[in-house]
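A closer look at the structure
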Amino acid sequence: MRERWTAVDRYVEEDLLIPDLALDAALADSAAAGLPAINVSPSQGRFLQILAQAMGARYILEIGTLGGYSTIWLARALPKSGRIISLELDPKHAAVAGANIARAGLTELVDVRLGKALETLPKLAAEGRPPFDLFFIDADKEHIPDYFTWALKMSRRGSLIVVDNVVRKGEVIESQSEDPNVRGVRRFIEMMASEPRVGGTVIQTVGVKGYDGFALALVSGAA
Ligand code: SAH
Ligand code: DHB
Ligand code: MG
């Protein structure tokens, strides 16, 4: 079925999504620079953008920038007074992202912060900024539980926390898995289930990236 999933994604890209040269160039330059092609797909980028637009997001926090592809989709949803902060460990990734974001004309809306997210997050939380409306957690999977905890700290009632790659070809159901990524995801899902301030779900996805899924957690109680 994978060929079908890919063909449908291509159909959606070609017949539905509005062409954006800066997004295409971001992917081309990321590939040319040797970055792994693990960015969200175009239809997923548009999905994230629609979530941001639907909630009128002004402040977005992304964890895992890579070449800035998802960053650009999300930044395009922001008003002029908005801001997306994106955390990235690898200086090469951050440099490619910076160039891609500049070409998209989004430099003023985007703040890429270099370093281990677990080190950057406490600093960010200490800055006393307004809560983030939307979070996109898409970095190393074993630390998703920590990233979720930090996101909750920097959220408000109504904030949305989106986490990528939580289905992992279905491996998420393997309770005995020793894969640190699966364990990270499962621990996060347990936290989401037992956290009274959030209500969440998991949406499975297929497409050019194969079989995976997003978790959506809505902060419904005072954080
Ligand atoms: N969100 C991007 C894809 C991110 S890929 C998109 O869809 O376009 C995951 C990124 O997380 C990689 O660039 C990787 O270098 C970064 N990363 C991995 N571990 C990290 C950490 N501990 N802190 C910050 N970034 C990290
Ligand atoms: C990988 C990471 C991602 O964020 C993703 O969406 C797909 C794959 C990875 O590390 O292999
Ligand atoms: Mg991902």
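So, a few notes on the structure that sits alongside this text. This one's a predicted model, so the numbers in the text were calculated from it and none came from an experiment.

1. Brief notes about helix α7 (residues 144-153)
In terms of burial, α7 is largely enclosed, as seven of its 10 residues are buried. Among the residues making up α7, those that are buried are Ile-144, Pro-145, Tyr-147, Phe-148, Trp-150, Ala-151 and Leu-152.

2. A closer look at the side chain of Thr-205
Within the element layout of this structure, Thr-205 appears in strand β6 (residues 198-207). Taking relative accessible area as the criterion, Thr-205 reaches 16% and is therefore assigned buried. A distance of 3.5 Å separates a polar atom in the side chain of Thr-205 from the backbone nitrogen of Gly-213. The contacts of Thr-205, once residues within four sequence positions are left out, are Gln-44, Gly-210, Tyr-211, Asp-212, Gly-213 and Phe-214.

3. Structural notes on the coordination of the magnesium ion (ligand 3)
Donor atoms from the polypeptide that coordinate the magnesium ion (ligand 3) comprise Asp-138 (OD), Asp-164 (OD) and Asn-165 (OD1), at 2.0 to 2.2 Å from the metal. The sequence pattern describing where the donors of the magnesium ion (ligand 3) fall on their chain is D-x25-D-N. The burial state of Asp-164 is the same as that of Asn-165; both residues are buried.

4. Notes on the site of ligand 2
In the neighbourhood of ligand 2, the contacting residues comprise Ile-38, Asp-138, Lys-141, Asp-164, Asn-165 and Lys-209. A distance of 3.1 Å is found between an oxygen atom of ligand 2 and a side-chain nitrogen or oxygen belonging to Asp-164. A distance of 2.7 Å separates an oxygen atom of ligand 2 from a polar atom in the side chain of Asn-165. Isolated, ligand 2 exposes 290 Å² of accessible area, and the fraction of that covered by the protein chains is 63%. Across the shell around ligand 2, the residue classes break down as one nonpolar, one polar and four charged.

5. Side note on the packing of aromatic side chains
By the definition in use, this model includes four aromatic pairs. Ring centres of Phe-47 and Phe-214 lie 5.5 Å apart, and the angle between their planes is 35°; this geometry places the pair in the tilted category. Of this pair, Phe-47 sits in helix α3 (residues 42-54) while Phe-214 sits in strand β7 (residues 210-219), placing them 167 residues apart in sequence. Accessibility expressed as a relative area gives 30% for Phe-47, which makes it partly exposed. A residue is classified by how much of its surface remains accessible, and Phe-214, at 3% relative accessible area, is buried.

6. Remarks on the layout of surface pockets
Of the pockets and cavities examined, the second largest pocket occupies roughly 220 Å³. Taken together, Glu-13, Leu-17, Ile-18, Pro-19, Asp-20, Leu-23, Asp-24, Leu-27, Pro-42, Tyr-69 and Trp-73 form the lining of the second largest pocket. Within the residue set of the lining of the second largest pocket, elements represented by two or more residues are α2 (21-32) and α4 (69-75). Partitioned by chemical class, the residues of the lining of the second largest pocket number eight nonpolar, no polar and three charged.

The rules behind each value
Residues numbered from 1 in each chain as written. Chains lettered and ligands numbered in written order. Predicted model: local features only at pLDDT ≥ 70, side-chain atom pairs only at ≥ 80, totals over all residues. Heavy atoms only, no water. Buried < 20%, exposed > 50% of the residue type's maximum accessible area, 1.4 Å probe, protein only. Helix = DSSP H or I, 4+ residues; strand = E, 2+ residues; numbered from the N terminus. Polar contact = N/O pair within 3.5 Å; in protein donor to acceptor, adjacent residues only side chain to side chain. Contact = heavy atoms within 4.5 Å. Donors = N, O, S within 2.8 Å, 3.2 Å for Na, K, Ca; no water. Near = heavy atom within 4 Å. Areas by Shrake-Rupley, 256 points an atom, 1.4 Å probe, with all protein chains shown as cover. Nonpolar A, V, L, I, M, F, W, Y, C, P; charged D, E, K, R; others polar. Phe/Tyr/Trp six-rings, centres within 6.5 Å; stacked < 30°, edge-to-face > 60°. 1 Å grid on protein atoms, 1.4 Å probe; cavity = no way out; pocket = protein on both sides within 12 Å on 5 of 7 lines; lining within 4 Å. Points joined across faces, edges and corners; volume = space filled by probe spheres on them.

Keep in mind these numbers describe shape, not what the thing actually does.
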